[in-house]
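The primary structure of each chain is shown beneath.
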Amino acid sequence: MIIHGQRAMRRRWLILLGLSMAGGVYSASAVADDVSVQIEGIDNPLKSNARKALSVAAKHEDDWSGQHIQTLYRLAPKEIKQALEPYGYYNPEIKSDLSAPTGDGKTWQAAFRVKHGPATQITTLHIAAEGPGDGVQGLVQAMRGTELKKGQRLRQARYTATKSAMYNAVYNAGYLDAKFSQSAIRVDPRDNTAEIDLVLQTGERYYFGPVTFDQDLLADSFVQRFVPFDAGQPYNAQKLIDMQLALSDSEYYNQIEISAERAQAKRTTDVDGWFYDLLYPPQDPLESVGQLRIPVTVTAKPSKGQSYKFSAGYGTDTGPRVGAGVKFRHLNRYGHQFRLNARVSQIQRSLQAAYDIPIENVAQDKLSFTASINNQEFGDITSTLYGVGAVRDTGWSLGRQRAYLKFQREYYDLGDGDQQSNLLYPGYNITARKADDLLFTRKGFSFSFDVHGASDVLGSSTNMISGDLNGHAVIPLTATTRLVTRAEIGAIGTDDFGKVPPSQRFFAGGAQSVRGYSYQSISPTNGDNEDIGGRYLATGSIEGDWFFYKKFGMAAFFDAGDVANSISDIAFKKGVGLGFRYGSPVGMVRLDIAHPLDDSGSAVAVHFSLGPDL
């Protein structure tokens, strides 16, 4: 009995010891660990792609156990091998080592020594297109311009790029049934060779059919003018997108759906074409008699009859400003609209109205009849202006063109008593702008040119012709720096400059001109030392911007400019300074501290502005 009791006690201790050891193993495996991964022997892009492929190097929110790390480590050689294959290396040599943490450490050390091995070369390359679309220009260019070359190292990215370029070229040309009859890379890792077959079957071409509008707001003859294609033209999905954007921008509708289903295509046979094909059958059997035309249906729901806009802001040139406007969108079935806008700031109080009539390309061209009342400061002179006019506003590839005729009556005092000016002047204005990003520009340019003239023969108070040209450019220097430049020149030709009203004269100075000088303070003066504007203008600026953190940056700039009544009297006023930049969702925020180099009366000037760079 005693012996049995001792055995029982011994067995109990063995069980407890076993459980303790098991618990110790479990605790060790449950310890939270991390992994430091080192890859040697290969460079980027191979190295970076290999690291991305490694499960053991993946980011993770929850802590890993040592057992889990060892499992992921065992997957690494296969993952590295697969990561090198897109670059043409199918037989790499991989040596690896995994070290557990020592002491109180919790970081495992995983090291991989990789030799990518011999490159796989392309020994057979067959790229071709078959079908009616085999002569499409974009397709021919894609095949001729491919980077896949016989005898070169296989790069799967080049294969994918060539395949995409070929397919997109014919699809965008209307060959919607295009598909690859052969699309394969055959690799023999034993001798490091690859064979490529890439054969595209273009299928038959599709064309646009009739466009039907499901809406009752506007006359069908009017909305049809938004269609940027004719029935019978090759199908192109981009043209449908362009039409949807044009309809949306018109503000006539707030919901637009365009349906163009390939399954609904119908074959139409042109009599002349049918007879020609009968006499001269097409060589390609897929060039069937007639065209497969896809009908297009546009469903549009009207927007609200009126839209309202309110704005508020602040700038050192204008002070606080507020604005309000209303647009009447649906005046009749031919797209006429009416706009009314009011604006109030420290330097301007204005009310403007315009009646817009869409013309020609109704998506972007219009004829506007305008009227305005302004009370505005020009330099040290306050003018009250009344104006009516007509503007033919049309679009072009880079911007807008405006031909206008305006009558303006202006009341002002240049220091020698109240005066009145009547001007009836035709003019022409053209603007252009191109940028990688209009709100946060890294590269781009813009310019505008305006010329207009008046004659006393047509009832104006004076004879004059005025021209103004200004341009901006943004040039990238590095990934975080850019150069911003701008320049403006202007001139007025007249036989009596004293009769030219303030609104037609030139001024310089301010946040968008020569910084360091207050708004419109660079100007000829009268006997009371008031800035009254000049006949000739020349300004320029060069600025360097450095964005040190995302869209936050610093600027250093140099500005120069002058306004004078004689070209020989121009003596450039110069300013230098530093600024803060922030690329906000509504444009660049600029806060500048500038020092005028030619004005002893002011040490620094602070300028604040908000808006696009171009």
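Up top is the structure.
Notes on the structure in this doc start here.

Another aspect to go through is the pairing of strand 13 (residues 337-345). As defined by bridge partners, strand 12 (residues 319-328) adjoins strand 13 across eight bridges and the pair is classed as antiparallel. Paired with Gly323 across the two strands is Arg343, which belongs to strand 13. Hairpin connection, strand 13 to strand 14 (residues 348-358): the antiparallel pair is bridged by two residues.

Before going further, it helps to examine the layout of surface pockets. Its volume calculated, the second largest pocket comes out at about 900 Å³. Along the walls of the second largest pocket sit 32 residues, with Asp249, Ser250, Ala363, Gln364 and Lys366 positioned nearest its centre. Contributing elements (two or more residues each) for the lining of the second largest pocket: helix 7 (237-249), strand 11 (306-315), strand 12, strand 13, strand 14 and strand 17 (399-413). For the lining of the second largest pocket, the element with the highest residue contribution is helix 7, accounting for five residues. Considered class by class, the residues forming the lining of the second largest pocket number 11 nonpolar, eight polar and 13 charged.

This structure, assessed with the given rule, holds 25 salt bridges. We note a salt bridge from Glu147 to Arg158, for which the minimum N-O separation is 3.5 Å. Of this pair, Glu147 sits in the loop between helix 4 (137-144) and helix 5 (156-172) while Arg158 sits in helix 5, placing them 11 residues apart in sequence. Classification of Glu147 as partly exposed rests on a relative accessible area of 47%. With relative accessibility at 23%, the residue Arg158 sits in the partly exposed group. Between Asp356 and Arg339 there is a salt bridge; the shortest N-O distance is 2.6 Å. On the criterion of sequence distance, the pair formed by Asp356 in strand 14 and Arg339 in strand 13 is long-range, its members being 17 residues apart. The class of Asp356 is buried, set by a relative accessible area of 5%. Under the relative-accessibility criterion, Arg339 is labelled partly exposed at 25%. Counted as one network, the salt bridges with shared partners bring together Arg486, Arg515, Glu543, Asp559, Arg581 and Asp592.

Bringing the environment of Ile347 into the picture now. Looking at the secondary structure, you find Ile347 in the loop between strand 13 and strand 14. Separated by 29 residues in sequence, Ile347 and Thr318 place their C-alpha atoms 5.9 Å apart. Beyond its immediate sequence surroundings of up to four residues, Ile347 is in contact with Asp317, Thr318, Asn375, Gln376, Glu377 and Tyr519.

Here three strands make up an open sheet; going across it, the order is 4-6-5 and the pairing mixed. The open sheet is flanked by strand 4 (121-130) and strand 5 (179-188), the only strands paired with a single partner. Taken pair by pair, the neighbouring strands of this sheet meet at an average axis angle of 5 degrees, ignoring direction. With nine bridges connecting them, strand 4 and strand 6 (residues 193-201) associate as parallel partners. Bridge pairing links Ala128 to Val199 in strand 6.

Attention shifts here to the packing of aromatic side chains. Inspection of every chain in the model, using the stated rule, returns 16 aromatic pairs. On the numbers, 6.4 Å between centres and 25 degrees between planes, the contact of Tyr549 with Phe552 is stacked. Seen in terms of ring centroids, Phe552 and Phe580 are 6.4 Å apart; in terms of plane orientation they differ by 45 degrees. Their pairing is tilted. Here Phe580 lies in strand 24 (residues 573-584) and Phe552 lies in strand 23 (residues 552-564), a separation of 28 residues in the sequence. By relative accessible area, Phe552 is classed as partly exposed at 32%. Under the relative-accessibility criterion, Phe580 is labelled partly exposed at 30%. In textbook terms, an aromatic cluster arises when at least three aromatic residues are bridged by ring pairs, as seen for Tyr549, Phe552, Phe580 and Tyr582. Positioned over the ring face of Phe440 is Lys551, at 5.2 Å from the centre of the ring.

With that out of the way, let us pick up a negative patch on the surface. Residues Asp34, Glu61, Asp62 and Asp63 make up a contiguous surface patch of negative charge. In this structure, Asp34 sits in strand 1 (residues 34-40). Taking relative accessible area as the criterion, Asp34 reaches 39% and is therefore assigned partly exposed.

What follows is about the nonpolar core. One finds Tyr253 and Val296 to be the most contacted residues of the largest nonpolar core, which totals 29 residues. Only strand 7 (206-214), helix 6 (220-223), helix 7, strand 8 (253-259) and strand 10 (291-302) provide two or more residues apiece to this core. With five residues, strand 10 is the largest single contributor of residues to this core. Once residues lying within four places of it in the same chain are set aside, the contact partners of Tyr253 are Gln215, Leu217, Leu218, Val223, Leu247, Ala300, Lys301, Pro302 and Ser303. In this structure, Ala50, Trp64, Ile80 and Tyr89 belong to the second largest nonpolar core, which totals 21 residues.

Our focus in this paragraph is the packing of helix 2 (residues 46-53) against helix 3 (residues 66-84). It is the contact of helix 2 with helix 3, at a shortest axis distance of 8 Å, that shows an interaxial angle of 135 degrees. The angle between helix 2 and helix 3 places the two elements in the oblique class. Taken as a pair, helix 2 and helix 3 cross one another with a handedness that is right-handed. Only Glu79, Ala83 and Leu84 of helix 3 make contact with helix 2, whose side of the interface consists of Leu46, Asn49, Ala50 and Ala53. A breakdown of the residues in the contact of helix 2 with helix 3 according to their chemical character gives five nonpolar, one polar and one charged.

Criteria and cut-off values
- Residues numbered from 1 in each chain as written.
- Predicted model: local features only at pLDDT ≥ 70, side-chain atom pairs only at ≥ 80, totals over all residues.
- Heavy atoms only, no water.
- Pairing = 2+ DSSP bridges.
- Helix = DSSP H or I, 4+ residues; strand = E, 2+ residues; numbered from the N terminus.
- 1 Å grid on protein atoms, 1.4 Å probe; cavity = no way out; pocket = protein on both sides within 12 Å on 5 of 7 lines; lining within 4 Å.
- Points joined across faces, edges and corners; volume = space filled by probe spheres on them.
- Nonpolar A, V, L, I, M, F, W, Y, C, P; charged D, E, K, R; others polar.
- Salt bridge = Lys/Arg side-chain N within 4 Å of Asp/Glu carboxyl O.
- Buried < 20%, exposed > 50% of the residue type's maximum accessible area, 1.4 Å probe, protein only.
- Contact = heavy atoms within 4.5 Å.
- Axes fitted to C-alpha atoms, helices over the stretch in contact; angles between N-to-C directions.
- Phe/Tyr/Trp six-rings, centres within 6.5 Å; stacked < 30°, edge-to-face > 60°.
- Lys NZ or Arg CZ within 6 Å of the ring centre and 35° of its normal.
- Patch = residues over 30% accessible without salt bridge, like charges linked within 9 Å, V, L, I, M, F, W, Y side chains within 5 Å.
- Areas by Shrake-Rupley, 256 points an atom, 1.4 Å probe, with all protein chains shown as cover.
- Lys, Arg positive; Asp, Glu negative; His and termini not counted.
- Charge placed at Lys NZ, Arg CZ, Asp CG, Glu CD.
- Core = buried A, V, L, I, M, F, W, Y, C linked by side-chain atoms within 4.5 Å.
- Parallel < 35°, antiparallel > 145°, perpendicular 65-115°, else oblique.
- Left-handed = near helix turned anticlockwise from the far one by under 90°.

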